[in-house]
Structure formats: C-alpha cells, structure tokens
Amino acid sequence: MRHPSHHTAALTHAGSSRHSTRTLRPLLVLCVITLGARDRCVAQVVPALPIPVTNAATASGVIDGAPWVFSVLGMDSTKRWSGITRRAHAWSPGSPRWRTMSAVPGAVGRLAATAQVVRGRLFVFGGYTVDSTGAERSVANVDILEPRLNLWSSGADIPVAVDDAVSVVYRDSLVYLISGWHDTANVQLVQLYDTVRDAWFAASPIVGSGVFGHSGGIAGQTIVYVDGAVPQNAVTKYRVAPQVWVGTIDRKKPTVIDWRAGGAHPGPALYRAAVARCGSQVVFAGGTDNPYNYNGIGYDARPSQPSPLVLSFDPRRRAWQTLPALATPTMDHRGMSIVGDAGWLIGGMEAGQRVTPAAIRVPLRDCGK
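As a starting point, this report considers the structure included with it. All figures in this text were calculated on a predicted structure; none of them were measured in a lab.

**Points about the overall build of the protein**
Link 1 in the chain: Of regular secondary structure, the protein possesses zero helices and 33 strands.
Link 2 in the chain: Residue burial in the protein is summarised as follows: out of 369 residues, 61% are buried.
Link 3 in the chain: Total accessible area computed for the protein in this model is approximately 14500 Å², and 53% of it derives from carbon and sulfur atoms.

Here is the structure:
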C-alpha cells in the first residue's frame, strides 16, 4: 500500500499504495479502412487476448502501412502480486489471433506502465513493481520493442521514475509523461522524451495538483488530461479530483506548455479511463469514479465499478460531447487502441472486478482525418 514519506521533499506530492477468469468472449468483428479505399470496409476478426489481463500498457499505431495493437505487462485474473506479468502481445488486421512477443525485459513484471507507438516502434515507460510483502517501487525503465524483429532494447531512464502517468506523443517523435506517482507521492512534473535523440528534457510542469490514474490525450498541439487521484484522509486515503487541464505546446519550443483550466466534462470524475485521439478529437472511455488498488477494491473499501461513459473533447472549441455508452463497461485502462474508425478497449476489468481478455469496441467516426 502507498504511504507518504519524508524522503520526497523535493517532489510536489500527494499520496499512499494503490493498489475470476471468464470464458473467452465470442470474437468480435471490426471494419478496417483499407489503404487507398477509405469508403470500403473489409471485415476483420479481433480476437480476445490469449489470457485475461488488466492494468496493462496498451498502444496502437501504423507500422509499414498496417495498424498494430499492443498489450504488454499488467496482471492476470488472480489480482495478486504474483500474477503481475512480463508478457507482451501484438495484433494486426488479418491475423486470427494475438501474436506472443518476447517478454518485456526485467526480472519481474510491473503495473501502471504507459506505452506509445512512435515511428514504428513500441515504447513502454515506467510502471511499478510489487513484491511478496506488498512493497511497491516506481521504475524508470524505458523499454523499446522493434515489432518486425521482435527485439527489445533499452532507452535512457526516466529522470524521475513514475507510474500511473499520462503519456502523449507529439510530432511522432516527442513523448510527454505528465504527472503520475513516484514511490511515495504524486509529482507535478512533465518529463519530455525525444525518441530520436534518446534524451530527456524538463517541460513546463502541470499547474494543478499532482495526480495518479488520471486520463489524457493529445490532438494537434493541445494536450488535455482530466481528474486522477489525490490524497483524502487516513481512512479513505484517496479520492478522484474532478478537474480538466488543457496544455498548448509551443511550436518552436516544445518544452514550453501553456497550461490552462478547462471546462468540466460531463459525468462523474474518472480514474484510469482509456484515451485516444480520433481525428481532431480526444476520446475518453470507461474507467471508474472510485479510485482503487490493483485488486479493483476502492481505497474506501467499496468495490469499484466500471463506467459506460464515452466522451470526446474538441481542442479547437474546448468543448465536450457525450458519445454512445459502452455496451460492456470496463475499467483499469490507460490507452485506447484505434484501428480504422473504431476504438478498442483491450482487457481490463468488467463489473465485479472480473479480469477480462475481451476487446470492447468503441464506435467512432472519422478517426483517419
């Protein structure tokens, strides 16, 4: 469990630890927009993951002209420290099943990492480990997968190790890690990684309180993140803070971000919702309003339940819109995978804290614009 410590005096904080297999669902069908023929859909089958997994780092991107989806790390249906995995899986349209990739480097698996596809490679950032005593440690790892060769390499360590952070990609080269948890407390840091130079830089820190389990994305040069967990009291430990922050990246100096408070989003505050860019919009789906440890039980001792909420944010108008709700609500996400004009929530927890292998479709429009 996470507990505050005097060892984090240099950090802006807030914080203490966060912490049934189901039969595979029927395979789902999705429409993929084929290259050169945007108006013609080809039926493809999206399989469930090989195993139920939650709290994984998921990401998607186009590699050699084809969309790829990745799910790495996370935890199995035991919801115990011993079920934290180093497994990695990849899928692309035309394949009947997920491909098992080489395991993520490291002696043990980890939770609350974040991942992005940049220039044809998968980058996995941070996360935390849990040992048999329940002790948690944020890690500074940057693991890089070359999917075509199924080979992992290491990038420069994150200057301040974080987990449960938001990550976004700018100009297909720069990755921003926004806030998150560092060992014993939240941080207000924004850490900028140049994937071409394999180098880290300090970007403008967030203006609001440091948070973990917040949800965010980017469209153009506009970053938006919402909510996240902050300290509450000795009994409840954490609560979700309702907030919206919008950051505009300076085109000439990308370490400079103008952070401004945004208008409230519809519905309750969100914890670990899935987020992706769809065209000019940033889409949020699922999550919960009750922050929890990795077993899905809230810090208030109430079981957390997934939200069916789907929202989109228009950075140009700074306006929110409510989209059709999820048919099967899930939580314990970060990234939403985009394939064609559909979003996909990969794995996670369904109602009753059931860890699932399913891919849940989020109907969207014009994501390829």
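After that view, the rundown keeps rolling.
**Some details on the layout of surface pockets**
Link 1 in the chain: Within this model, the second largest pocket holds a volume of roughly 390 Å³.
Link 2 in the chain: Taken together, 18 residues line the second largest pocket, and the ones lying closest to its centre are Gln281, Ser312, Gln321, Leu323 and Arg365.
Link 3 in the chain: A total of three residues in the lining of the second largest pocket trace back to one element, the largest contributor, which is strand β28 (residues 319-323).

**Things to note about the sheet that holds strand β19 (residues 215-219)**
Link 1 in the chain: Read across the sheet, four strands follow the order β19-β20-β23-β24 without closing on themselves; strand pairing throughout is antiparallel. Two strands bound the open sheet, and with one partner strand each, they are β19 and β24 (257-261). Between one strand and the next, the sheet's axes are offset by a mean angle of 20°, whatever the strand orientation.

**A look at the sheet that holds strand β11 (residues 142-146)**
Link 1 in the chain: Read across the open sheet, the four strands follow the order β7-β8-β11-β12; overall the sheet is antiparallel. With partners counted over all chains shown, the strands left at the sheet margins are β7 (114-118) and β12 (151-154), one partner each. Strand-to-strand twist in this sheet, taken as the mean axis angle between neighbours without regard to direction, amounts to 25°.
Link 2 in the chain: Relative to strand β8 (residues 121-125), β7 runs antiparallel, the two sharing five bridges. Across the sheet, the residue bridging to Gln116 is Phe123, located in β8.

**Section: the state of the cysteines**
Link 1 in the chain: For the structure shown, the criterion picks out one disulfide.
Link 2 in the chain: Here Cys278 pairs with Cys367 through a disulfide, and the sulfurs are 2.0 Å apart. What sets the handedness of the Cys278 and Cys367 disulfide is the S-S torsion sign, and at about -95° it is left-handed. Here the residue Cys278 occupies a position in strand β25 (residues 274-278), and Cys367 occupies one in the segment after β33 (359-363), the gap between them amounting to 89 residues. Of the two residues, Cys278 and Cys367, both sit in the buried class.

**Some points on the packing of aromatic side chains**
Link 1 in the chain: Taken as a whole and judged by the stated rule, the model has 16 aromatic pairs.
Link 2 in the chain: Taken together, a centroid distance of 5.1 Å and an interplanar angle of 80° make the contact between Phe212 and Tyr238 edge-to-face. Of this pair, Phe212 sits in the loop between β18 (199-203) and β19 while Tyr238 sits in strand β22 (residues 238-240), and the two are 26 residues apart along the sequence.
Link 3 in the chain: The buried category is assigned to Phe212, whose relative accessible area is 0%.
Link 4 in the chain: On the basis of relative accessible area, Tyr238 is assigned to the buried category, the value being 2%.
Link 5 in the chain: By way of ring pairs, the aromatic residues Trp181, Phe212, Tyr238, Tyr271, Tyr292 and Tyr299 are connected into one cluster.

**Some words on the pairing of strand β3 (residues 57-63)**
Link 1 in the chain: With five of seven residues buried, β3 lies mostly within the body of the structure.
Link 2 in the chain: Counting the residues between successive antiparallel strands, the hairpin from β3 to strand β4 (residues 66-72) contains two residues, one of them, Asp64, with a positive phi of roughly 50°.

Rules used throughout
Residues numbered from 1 in each chain as written. Predicted model: local features only at pLDDT ≥ 70, side-chain atom pairs only at ≥ 80, totals over all residues. Heavy atoms only, no water. Helix = DSSP H or I, 4+ residues; strand = E, 2+ residues; numbered from the N terminus. Buried < 20%, exposed > 50% of the residue type's maximum accessible area, 1.4 Å probe, protein only. Areas by Shrake-Rupley, 256 points an atom, 1.4 Å probe, with all protein chains shown as cover. 1 Å grid on protein atoms, 1.4 Å probe; cavity = no way out; pocket = protein on both sides within 12 Å on 5 of 7 lines; lining within 4 Å. Points joined across faces, edges and corners; volume = space filled by probe spheres on them. Pairing = 2+ DSSP bridges. Axes fitted to C-alpha atoms, helices over the stretch in contact; angles between N-to-C directions. Disulfide = S-S within 2.5 Å. Phe/Tyr/Trp six-rings, centres within 6.5 Å; stacked < 30°, edge-to-face > 60°.

Such coordinate-based values are descriptive only and should not be taken to indicate function.
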